[in-house]
Amino acid sequence: MGSKRHGDCNEGCAPERSACATQRDLREWKIGQAGSHGLKERTFQAVRMTSPLAATIALTCTLFAVIGAVAIATSLPSSPNAPVYVPVAALGAMTIGVLAVLSRRADAFSPLGLVTIFYITSFVLGPLYFFSAVADTLTPRYDTAWIPGAVWMAAGSYLVFVVGYQFDVLRLVLQPRLHKTVRGGRPNRPAVRVIAGLFAVGWVGRLLSIASGNYFHLASGERTASNSTGWITTAADLPTLATAMMAIWLLRTPKADRSLPLVAAAACSVAIEVVWAIPSGSRSAFLTVAMMLTIVFYYSRGRLPSKVLLLAVAAVAVVVVFPLLAEYRRVQATGVTVGSALAQSARQIGEQSPSEALSAGFETTISRFSSVTSVAAALNAGRTLIGPDGKKTYLWLPAQITPRAVWPGKPDPGKFGNTFGRAYGINGDRDYSTGIPVPHFLEAWFAAGWMGLFPIMLLVGVAFRAIDTVMSNRRTSPEMLATYAWLAWPLVNAQESIIANSTASVMKSAVTAAVLILVLRKVPLTGDLISRKPADDRLISGPRRSPAL
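Residues numbered from 1 in each chain as written. Predicted model: local features only at pLDDT ≥ 70, side-chain atom pairs only at ≥ 80, totals over all residues. Heavy atoms only, no water.

**Thoughts on the overall build of the protein chain**
Step number 1: Helix and strand content of the protein chain: 24 helices and zero strands.
Step number 2: Each of the 549 residues in the protein chain was classed as buried or not, and the buried ones make up 48%.
Step number 3: For the protein chain, long-range pairs separated by at least 24 residues make up 76% of all intrachain contacts whose partners lie at least 6 apart in sequence.
Step number 4: Total accessible area computed for the protein chain in this model is approximately 25300 Å², and 66% of it derives from carbon and sulfur atoms. (Helix = DSSP H or I, 4+ residues; strand = E, 2+ residues; numbered from the N terminus. Buried < 20%, exposed > 50% of the residue type's maximum accessible area, 1.4 Å probe, protein only. Contact = heavy atoms within 4.5 Å. Areas by Shrake-Rupley, 256 points an atom, 1.4 Å probe, with all protein chains shown as cover.)

**Examining the nonpolar core**
The tendency in soluble globular proteins is for nonpolar side chains to be buried as a group.
Step number 1: Counting 102 residues, the largest nonpolar core has Ile-295, Phe-420 and Phe-446 as its most contacted members.
Step number 2: Looking at this core element by element, the count peaks at twelve residues for helix α9 (residues 147–165).
Step number 3: The contacts of Phe-446, once residues within four sequence positions are left out, are Ala-378, Arg-383, Ile-386, Gly-390, Lys-391, Phe-416, Phe-420, Tyr-424 and Val-438.
Step number 4: Ranked by size, the runner-up nonpolar core spans five residues in total, among them Phe-286, Ala-317, Val-321 and Phe-322. (Core = buried A, V, L, I, M, F, W, Y, C linked by side-chain atoms within 4.5 Å.)

**Quick look at helix α22 (residues 478–493)**
Step number 1: Taking 1.5 Å per residue as the helical rise, α22 with its 16 residues ought to reach 22 Å, and the 24 Å between its terminal C-alpha atoms agrees with that figure.
Step number 2: Residue Leu-487 marks the point of greatest curvature in α22, where the axis turns by about 35°; the proline Pro-490 follows within four residues.
Step number 3: Counting buried positions along α22 gives 13 out of 16 residues, so the element sits mostly inside the fold. (Expected span 1.5 Å × (residues − 1). Bend = angle between axes of the 7 residues up to and from the residue.)

**Looking at a nonpolar patch on the surface**
Step number 1: Among the surface-exposed residues, Phe-167, Val-169 and Leu-458 lie close enough to one another that they form a single nonpolar patch of about 230 Å² accessible area.
Step number 2: Summarising the element assignment, Leu-458 is placed in helix α21 (residues 440–470).
Step number 3: Taking relative accessible area as the criterion, Leu-458 reaches 31% and is therefore assigned partly exposed. (Patch = residues over 30% accessible without salt bridge, like charges linked within 9 Å, V, L, I, M, F, W, Y side chains within 5 Å. Salt bridge = Lys/Arg side-chain N within 4 Å of Asp/Glu carboxyl O.)

**Considerations on the packing of helix α15 (residues 283–301) against helix α16 (residues 307–332)**
Step number 1: Here α15 crosses α16 at 170°, and the two axes come no closer than 11 Å. By the angle between their directions, the pair α15 and α16 is classed as roughly antiparallel. On α16, the residues that touch Arg-283, Phe-286, Leu-287 and Thr-294 of α15 are Leu-310, Ala-317, Val-321, Phe-322 and Leu-325.
Step number 2: Residue classes in the contact of α15 with α16 are distributed as seven nonpolar, one polar and one charged. (Axes fitted to C-alpha atoms, helices over the stretch in contact; angles between N-to-C directions. Parallel < 35°, antiparallel > 145°, perpendicular 65-115°, else oblique. Nonpolar A, V, L, I, M, F, W, Y, C, P; charged D, E, K, R; others polar.)

**A look at unusual backbone geometry**
Step number 1: For Ala-106, which is not glycine, the phi torsion reads 55° and is therefore positive.
Step number 2: As for its placement among the helices and strands, Ala-106 is situated in the loop between α6 (82–104) and α7 (111–130).

**Things to note about the side chain of Ser-110**
Step number 1: Looking at the secondary structure, you find Ser-110 in the loop between α6 and α7.
Step number 2: The class of Ser-110 is buried, set by a relative accessible area of 1%.
Step number 3: Those residues in contact with Ser-110, other than ones at most four positions away along the chain, are Leu-102, Tyr-165, Tyr-299, Asp-468, Arg-474 and Tyr-484.

**Quick look at the environment of Thr-116**
Step number 1: Inspection of the secondary structure puts Thr-116 in helix α7.
Step number 2: For Thr-116, a relative accessible area of 0% translates into the label buried.
Step number 3: For the pair Thr-116 and Tyr-158, spaced 42 residues apart in sequence, the C-alpha to C-alpha distance is 8.2 Å.
Step number 4: Apart from residues lying up to four places away in sequence, Thr-116 is in contact with Thr-95, Val-98, Leu-99 and Tyr-158.

**Structural notes on the pattern of salt bridges**
Step number 1: Counted under the stated rule, the structure contains seven salt bridges.
Step number 2: Across the salt bridge formed by Arg-475 and Asp-107, the nearest N and O atoms sit 3.1 Å from each other. Of the two residues, Arg-475 is situated in the loop between α21 and α22 and Asp-107 in the loop between α6 and α7; the sequence distance between them amounts to 368 residues. In terms of burial, Arg-475 and Asp-107 fall into one category: buried.

**Focus on the packing of aromatic side chains**
Step number 1: Inspection of the entire model under this criterion finds 19 aromatic pairs.
Step number 2: Each ring, one from Tyr-119 and one from Phe-123, has its centre 5.8 Å from the other, and the planes form 35°; the classification is tilted. Of this pair, Tyr-119 and Phe-123 are both found in helix α7, four residues apart, which corresponds to roughly one turn of the helix.
Step number 3: Relative accessible area serves as the criterion here: at 2%, Tyr-119 is assigned to the buried category.
Step number 4: Ring centres 5.7 Å apart and planes at 40° place the aromatic pair Trp-445 and Phe-446 in the tilted group. One exposure class covers both Trp-445 and Phe-446, and it is buried.
Step number 5: Taken together, Phe-118, Tyr-119, Phe-123, Tyr-158 and Phe-441 form an aromatic cluster joined through their ring pairs.
Step number 6: Directly above the aromatic system of Trp-203 lies the positively charged group of Arg-206, at a separation of 4.8 Å from the ring centroid. (Phe/Tyr/Trp six-rings, centres within 6.5 Å; stacked < 30°, edge-to-face > 60°. Lys NZ or Arg CZ within 6 Å of the ring centre and 35° of its normal.)

**Thoughts on the confidence of the model for the protein chain**
Step number 1: Taken as a whole, the protein chain shows an average pLDDT of 75; of its residues, 72% reach a score of 70 or greater.
Step number 2: Within the protein chain, helix α24 (residues 526–531) has the poorest average pLDDT of any element, 38, and α21 the best, 93.
Step number 3: Here residues 1–50 scores under 50 on pLDDT; set against residues more than four positions off or in separate chains, the count is 83 contacts.
Step number 4: For the stretch residues 526–549, pLDDT sits under 50, and the model shows 52 contacts to residues farther than four places along the chain or on other chains. (pLDDT = per-residue confidence, 0-100.)

**Some details on the packing of helix α11 (residues 192–211) against helix α14 (residues 260–277)**
Step number 1: Running from N to C, α11 and α14 cross one another at 20°; their axes reach a closest spacing of 14 Å. On the basis of their axis angle, the class for α11 and α14 is roughly parallel. Pair α11 / α14 crosses with left-handed handedness. Contacts between α11 and α14 involve Phe-199, Trp-203, Arg-206 and Ile-210 from the former and Ser-269, Ile-272, Glu-273 and Trp-276 from the latter.
Step number 2: Class assignment for the residues of the contact of α11 with α14 results in five nonpolar, one polar and two charged. (Left-handed = near helix turned anticlockwise from the far one by under 90°.)

**As for helix α20 (residues 416–423)**
Step number 1: Along α20, the residues classified as buried are Phe-416, Gly-417, Asn-418, Phe-420 and Gly-421.
Step number 2: A positive backbone phi angle near 75° is found at Gly-425, which sits one or two residues after α20.

**Overview of the environment of Ile-147**
Step number 1: Relative to the elements of secondary structure, Ile-147 occurs in helix α9.
Step number 2: Sequence separation between Ile-147 and Phe-130 is 17 residues, and the spatial gap between their C-alpha atoms is 8.4 Å.

**Things to note about the environment of Val-506**
Step number 1: You can see Val-506 is positioned in helix α23 (residues 503–522).
Step number 2: Residues within four places of Val-506 in sequence aside, it is in contact with Leu-487, Pro-490, Leu-491 and Ala-494.

**Let's talk about the side chain of Ser-300**
Step number 1: Looking at the element boundaries, Ser-300 is found in helix α15.
Step number 2: Separated by 2.7 Å, the side chain of Ser-300 and the backbone oxygen of Val-296 make a polar contact. (Polar contact = N/O pair within 3.5 Å; in protein donor to acceptor, adjacent residues only side chain to side chain.)

Set out below in structure tokens:
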């Protein structure tokens, strides 16, 4: 039976593969073949959304239905928190509905899904936390009465963003080329030369970052401004991309073909990335690795990992990792060495009781979603406090890709969050290091007011759909999947900053990685130079049982 099935789908399948031991092994082998078989045929169907008109009508009806239902429910029993529950419920219904639709289409982590995750965490969960009495004592600069208006602004912006996302303008222009790319028979696994090259370039970038003082968390509250450019920072992230490719290689290799060195290499790569993230004091570095592995598994297997595994990782992150990083940042701010700060932080976390660890982890995690407080403060004080810089941020986009050697006086988009914080009294007057979140729609409001907010968010939605179109073959191309998974959390995190400092930076990283991967594909291995035969790009794995693998 196996021989006939294999012969039907691929004439080049080896006959010995027909003697697979179990149906499970056969199913895993078919998953490994997905990059060159039926999964390609379903790519366009899986990413296609509803029409713009239908999406607009459905979301608008949902919005007003939820508003009416919640307004009626909250008006019966008098509740002081009723004003925030209405917009939170409306936005929550929209975001959960969008994720449900994307999940049914096996595309929950599309760019729309990633942006939706940001709105859920920052404008559904965040307001509930900051509106509570406990959070009120922790954030005396905010008045909770400002929060409902901020959530309404987020809900309207998200609705317009989703509508803009329906307009796939780029696909209309690139349809023939995209069709050719998806059906072009790309290899099922990344080339070993690409993985090795990314590791080599990346670790050079990391050594340069360490030498320039741009790696460890510093007492000033941010990384040093040194001669290390953004290009070096991008290079230092490349080992994470290589780790994603290692994970893809492992997942697309049937269990019968997986060797111990392959499994060990993939596991060590993941462990090294986690260890590398801790001294930086950055929760985003840890979340980048976690989401990257989740997305690699999701698009390789067509489903999420085990729920038990996801819950276990989330529990460790909330109870151990995030409190450890927060304590490390606090201790390191006193001026002690990095090693002493890590040791002292680990002892502090280890001495906590389970209830204390859970409480500290919850507060550390939820308090991170503070974008709603930024929007609330800005709406309360008005647009004028930000000054003329608020209308110039979109003009800073070229600064993201232009080296300072070429443009010595170019503006630094990364300082806008700090400028905003000092202008609105969130930071102290002498605090020139702490950045405050400025979501994309708040940037649009600063630049063009209410009349320009929604047209700009419509264009932002169109731009994110273009990102989805460019990376639409992430299901079939291992390099594309690895790049997309590598950039997934940065795309979520980018929603907290102005476009010139966040989304543009992510796109610069994507272009850099794409160019480097294309170059590494052309680099001959040692065997190529000696024998002039095609190089075998297999990693250290078992014997090849099918030429298609």
